[in-house]
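# Chain and residue survey
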Amino acid sequence: MYTESLVKLGKVRSEIRELFEYGMKRKAEIGVENVFDFSIGNPSVPAPKCVDDAIKELVEDFDSVALHGYTSAQGDAEVRKTVADYINSRFNADVSADNIYMTCGAAASLSIVMNAVLSSDDECIVIKPYFPEYGAFLERTGAKLVEVDPEDKTFQIDIENMKEAINERTKMVVVNSPNNPSGVVYKKDNILALCKLLKDKEEEYGHPIFIVTDEPYRELVYDDTTVPYLINYYDNTFVCYSYSKTLSLPGERIGYIVVSPKIANYEDAYAAVCGAGRTLGYVCAPALWQRVIAKCIDKTSDISIYKNNRDLFYNALTNMGYECVYPDGAFYLFVKAMEDDSRAFAEKAKKHELLVVPADSFGTPGYVRVSYCVNPDQIEKALPAFKALAEEYK
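A short tour of the structure in this document, coming up. Since we're looking at a predicted model, the values are computed, not measured.

This brings us to the overall build of the chain. Check the secondary structure of the chain and you find 14 helices and 13 strands. What you see for the chain is a C-alpha radius of gyration of 21 Å, in line with the 21 Å of a compact globule of 394 residues. Across its three principal axes, the chain shows a C-alpha extent of roughly 60 × 60 × 55 Å. Put simply, the chain has 394 residues, and 54% of those count as buried. For the chain, the distance from the average site of its 43 positive side-chain charges to the average site of its 60 negative ones is 3 Å.

A separate point is the pattern of salt bridges. Under the counting rule described, the total for this entry stands at 25 salt bridges. A salt bridge links arginine 26 to glutamate 353, with the nearest nitrogen and oxygen atoms 2.8 Å apart. One end of the pair, arginine 26, is in helix H2 (residues 15-30); the other, glutamate 353, is in the loop between helix H13 (342-350) and strand S11 (354-355), and 327 residues separate them in sequence. Using a relative accessible area of 22% as the deciding quantity, one classes arginine 26 as partly exposed. Judged by relative accessible area, which is 13%, glutamate 353 ranks as buried. Residues arginine 90 and glutamate 219 are paired through a salt bridge, measuring 2.3 Å at the closest nitrogen-oxygen approach. Of this pair, arginine 90 sits in helix H5 (residues 77-91) while glutamate 219 sits in the loop between strand S6 (210-214) and strand S7 (237-242), and the two are 129 residues apart along the sequence. A residue is classified by how much of its surface remains accessible, and arginine 90, at 37% relative accessible area, is partly exposed. Taken together, the salt bridges that share partners define one network made up of Asp223, Lys307, Arg310 and Asp311.

Attention shifts here to the sheet that holds strand S5 (residues 170-176). One open sheet accounts for seven strands, arranged S2-S8-S7-S6-S5-S3-S4; its pairing is mixed. Every interior strand has two partners, whereas the edge strands, strand S2 (100-103) and strand S4 (144-148), have only one. In this sheet, adjacent strand axes meet at a mean angle of 20° when their direction is disregarded. Here four bridges tie S2 to strand S8 (residues 255-259), and the two strands are oriented antiparallel to one another. Among the inter-strand pairings, isoleucine 100 is bridged to a residue of S8, identified as valine 258.

Before going further, it helps to spend a moment on the environment of proline 208. Looking at the secondary structure, you find proline 208 in the loop between helix H9 (188-205) and S6. Under the relative-accessibility criterion, proline 208 is labelled partly exposed at 25%. For proline 208 and leucine 198, which are 10 residues apart along the polypeptide, the C-alpha to C-alpha distance reads 8.8 Å. The residues touching proline 208, leaving out its near neighbours within four places in the chain, are Thr170, Lys171, Glu202, Asn236 and Ala264.

Note on sheets: strands pair through backbone hydrogen bonds, and any given pair is parallel or antiparallel. Judged by pairing direction, the sheet is antiparallel, and its four strands sit side by side in the order S9-S10-S13-S12 without closing on themselves. Here the strands that pair on one side only, and so sit at the sheet edges, are strand S9 (324-325) and strand S12 (357-358). Note that strand S10 (residues 332-336) and strand S13 (residues 367-371) share five bridges and pair antiparallel. Bridge pairing links valine 335 to valine 368 in S13.

The next point concerns the side chain of serine 39. With respect to the secondary-structure elements, serine 39 resides in the loop between strand S1 (36-37) and helix H3 (49-61). The residues contacting serine 39, other than those within four sequence positions of it, are Ile16, Leu19, Phe20, Leu355, Val357, Arg369 and Ser371.

On the surface, Met1, Tyr2 and Val7 cluster together into a nonpolar patch covering about 430 Å² of accessible area. Along the polypeptide, methionine 1 turns up in the segment before helix H1 (4-11).

Another point: the side chain of threonine 246. With respect to the element layout, threonine 246 can be found in the loop between S7 and S8. The buried category is assigned to threonine 246, whose relative accessible area is 3%. Of the polar contacts made by the side chain of threonine 246, one reaches the side chain of glutamate 219; its length is 3.2 Å. Discounting chain neighbours no more than four positions away, the residues touching threonine 246 are Pro216, Glu219, Leu220, Tyr241, Lys299, Thr300 and Ser301.

Here we take up the packing of aromatic side chains. Aromatic ring pairs are described here by two measures, namely the spacing of the ring centres and the angle between the planes. Summed over all chains, the structure comprises 21 aromatic pairs. Residues phenylalanine 334 and tyrosine 367 carry aromatic rings whose centres are separated by 4.7 Å and whose planes lie at 5° to one another, so their mutual orientation is stacked. One end of the pair, phenylalanine 334, is in strand S10; the other, tyrosine 367, is in strand S13, with 33 residues separating them in the sequence. Both residues of the pair, phenylalanine 334 and tyrosine 367, belong to the buried class. Aromatic pair phenylalanine 345 and tyrosine 393: ring centres 5.7 Å apart, planes at 45°, arrangement tilted. Taken as a pair, phenylalanine 345 in helix H13 and tyrosine 393 in the segment after helix H14 (376-391) lie far apart in primary sequence, 48 residues in all. Residue class for phenylalanine 345 comes out buried when judged on its relative accessible area of 2%.

Rules used throughout
Residues numbered from 1 in each chain as written. Predicted model: local features only at pLDDT ≥ 70, side-chain atom pairs only at ≥ 80, totals over all residues. Heavy atoms only, no water. Helix = DSSP H or I, 4+ residues; strand = E, 2+ residues; numbered from the N terminus. Rg over C-alpha atoms; globule rule 2.2 N^0.38 Å. Buried < 20%, exposed > 50% of the residue type's maximum accessible area, 1.4 Å probe, protein only. Lys, Arg positive; Asp, Glu negative; His and termini not counted. Charge placed at Lys NZ, Arg CZ, Asp CG, Glu CD. Salt bridge = Lys/Arg side-chain N within 4 Å of Asp/Glu carboxyl O. Pairing = 2+ DSSP bridges. Axes fitted to C-alpha atoms, helices over the stretch in contact; angles between N-to-C directions. Contact = heavy atoms within 4.5 Å. Patch = residues over 30% accessible without salt bridge, like charges linked within 9 Å, V, L, I, M, F, W, Y side chains within 5 Å. Areas by Shrake-Rupley, 256 points an atom, 1.4 Å probe, with all protein chains shown as cover. Polar contact = N/O pair within 3.5 Å; in protein donor to acceptor, adjacent residues only side chain to side chain. Phe/Tyr/Trp six-rings, centres within 6.5 Å; stacked < 30°, edge-to-face > 60°.

All we've got here are geometric facts, nothing functional implied.
Set out below in structure tokens:
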């Protein structure tokens, strides 16, 4: 009676959401302060003051009907120009308002681009570990999700593995850096090697292979780490951006797509984005929030708090004997489980009221994701529980 694949997706929440819901229930039972919830990437740092100031200014000074009315389907023209100008000033790119499509966050951006580009004969490559919702975003396209193993230990892109995975059906490669769940930032030479490989394969197969960059964590980088802006290195690129983490606005659902001006058949590419947004119902992103982010275009939340959390957590866990991937960005620790079965490890963690996400659904069994976008006090209070958990395996 109903679409079977969508019924299945609707009945089974992601592992992250399941754990988050368990945590909500457990907190109600024994108290919030007694549950150490590291399950979800919900920013704990408040939005910068400019967000509240922008809202007040818009409500007070803007005509109410116009403020809350429809914008153009692809977003307000002035907002798109502001976004484009900022991208150009920061990355020395060459984009205009006509390259920008405003969206309801990165999930909408990715869904739009995947539906704009992919069909049932195509393959989309993702690099492990990867955000498990990519599979859900692909569902309606019918394209095949192809997982590629990263370099061992470093979790950088393994170019040889990529070379083996690409074939004439490959249409898209998703790049998520800083990475969720590992926190790894792909190095520039690694990115350049990927771009060269894809250009060679485009020539070999005679059709474009698109890079889609998933960038909700772009600003969350530490220790002078830089994240290459892929439009500058590869023509057939779509950028999917969100302000959920940068401005601590996950519930407001605001972001954008950049269609590279050098992309193959640019006019058709942008039209396909507009058409996918139309068919999916992702038109006219929230008008108030478009204008808010335009006023806060060069601001972020206080990222230093996440760096301090990273340093505290990483140093403490490694001193206890945990093996962790060193995160250059985002706000996750990728921790090797102390047994082969990471789901069993996560269940044992629950006995200590520790909520960590098994990485099986991220394509990397044997690891768990620990989200450190929490109050530093929670990390301090949780450390004895992590120590007790480690002691069980000694």
